[in-house]
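Observations on the model geometry
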Amino acid sequence: MRVKCVICDEIESIENDTLVAKRLRNRPIHTYMCDSCHERIAKKTQKRIATGNFKLYRSRTEEDEW
Ligand SMILES: [Zn+2]
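What this report covers is the structure whose coordinates are included nearby. (Residues numbered from 1 in each chain as written. Predicted model: local features only at pLDDT ≥ 70, side-chain atom pairs only at ≥ 80, totals over all residues. Heavy atoms only, no water.)

Here the focus is the overall build of the chain. Along the backbone of the chain there are three helices and two strands. Order of helices (α) and strands (β) in the chain, N terminus to C terminus: β-β-α-α-α. Across the 66 residues in the chain, those meeting the buried criterion constitute 12%. Across the chain, contacts joining residues at least 24 apart in sequence account for 33% of those joining residues at least 6 apart. (Helix = DSSP H or I, 4+ residues; strand = E, 2+ residues; numbered from the N terminus. Buried < 20%, exposed > 50% of the residue type's maximum accessible area, 1.4 Å probe, protein only. Contact = heavy atoms within 4.5 Å.)

Set out below in structure tokens:
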């Protein structure tokens with residue numbers, strides 16, 4: 001099946017029996033990201049975590065204990 005990356009609009013074809021393809025079929029709204037964009041975003045997120053600007057949501061139970 002052919003999928004379009006939401007970030008760079010690149011069209012890629014993926015195997016029909018992959019997990020990603022199945023997910024996209026079940027939820028057509030589910031957006032697809034190509035590998036390079038996915039990597040770029042992952043790096044950006046890691047950088048934000050490193051600088052401390054990125055707040056991770058703590059689980060409710062942890063908050064209650066505190
Ligand atoms: Zn892309």
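Attention now goes to a nonpolar patch on the surface. Together, Val6, Ile7, Met33 and Ile41 line one region of the surface with nonpolar side chains, adding up to about 300 Å² of accessible area. The topology assignment puts Ile41 in helix 2 (residues 35–51). The partly exposed category is assigned to Ile41, whose relative accessible area is 35%. (Patch = residues over 30% accessible without salt bridge, like charges linked within 9 Å, V, L, I, M, F, W, Y side chains within 5 Å. Areas by Shrake-Rupley, 256 points an atom, 1.4 Å probe, with all protein chains shown as cover. Salt bridge = Lys/Arg side-chain N within 4 Å of Asp/Glu carboxyl O.)

When four donors bind a metal tetrahedrally, each ideal donor-metal-donor angle is 109.5 degrees, and when six bind octahedrally, the ideal angles are 90 or 180 degrees. Looking at the zinc ion, one finds its protein donor set to be Cys5 (SG), Cys8 (SG), Cys34 (SG) and Cys37 (SG), positioned 2.3 Å from the metal centre. Bound by four donor atoms, the zinc ion shows angles of 106 to 113° at the metal and therefore tetrahedral coordination geometry. Sequence spacing among the residues donating to the zinc ion works out to C-x2-C-x25-C-x2-C. Taken as a pair, Cys5 in the loop between strand 1 (2–4) and strand 2 (11–13) and Cys37 in helix 2 lie far apart in primary sequence, 32 residues in all. Note on accessibility: Cys5 and Cys37 belong to one class, buried. (Donors = N, O, S within 2.8 Å, 3.2 Å for Na, K, Ca; no water. Tetrahedral: all angles 85-135°; square planar, octahedral: opposite > 155°, others 65-115°.)

The subject of this paragraph is the nonpolar core. The biggest cluster of nonpolar side chains holds eight residues, and these are Val3, Cys5, Ile14, Ala21, Leu24, Tyr32, Cys34 and Cys37. Sequence-distant contacts of Ala21, that is, excluding residues within four places in its chain, are made with Met1, Ile14, Glu15 and Asn16. (Core = buried A, V, L, I, M, F, W, Y, C linked by side-chain atoms within 4.5 Å.)

Here Asp9, not a glycine, exhibits a phi torsion of approximately 60°, which is positive. With respect to the helices and strands, the residue Asp9 is situated in the loop between strand 1 and strand 2.

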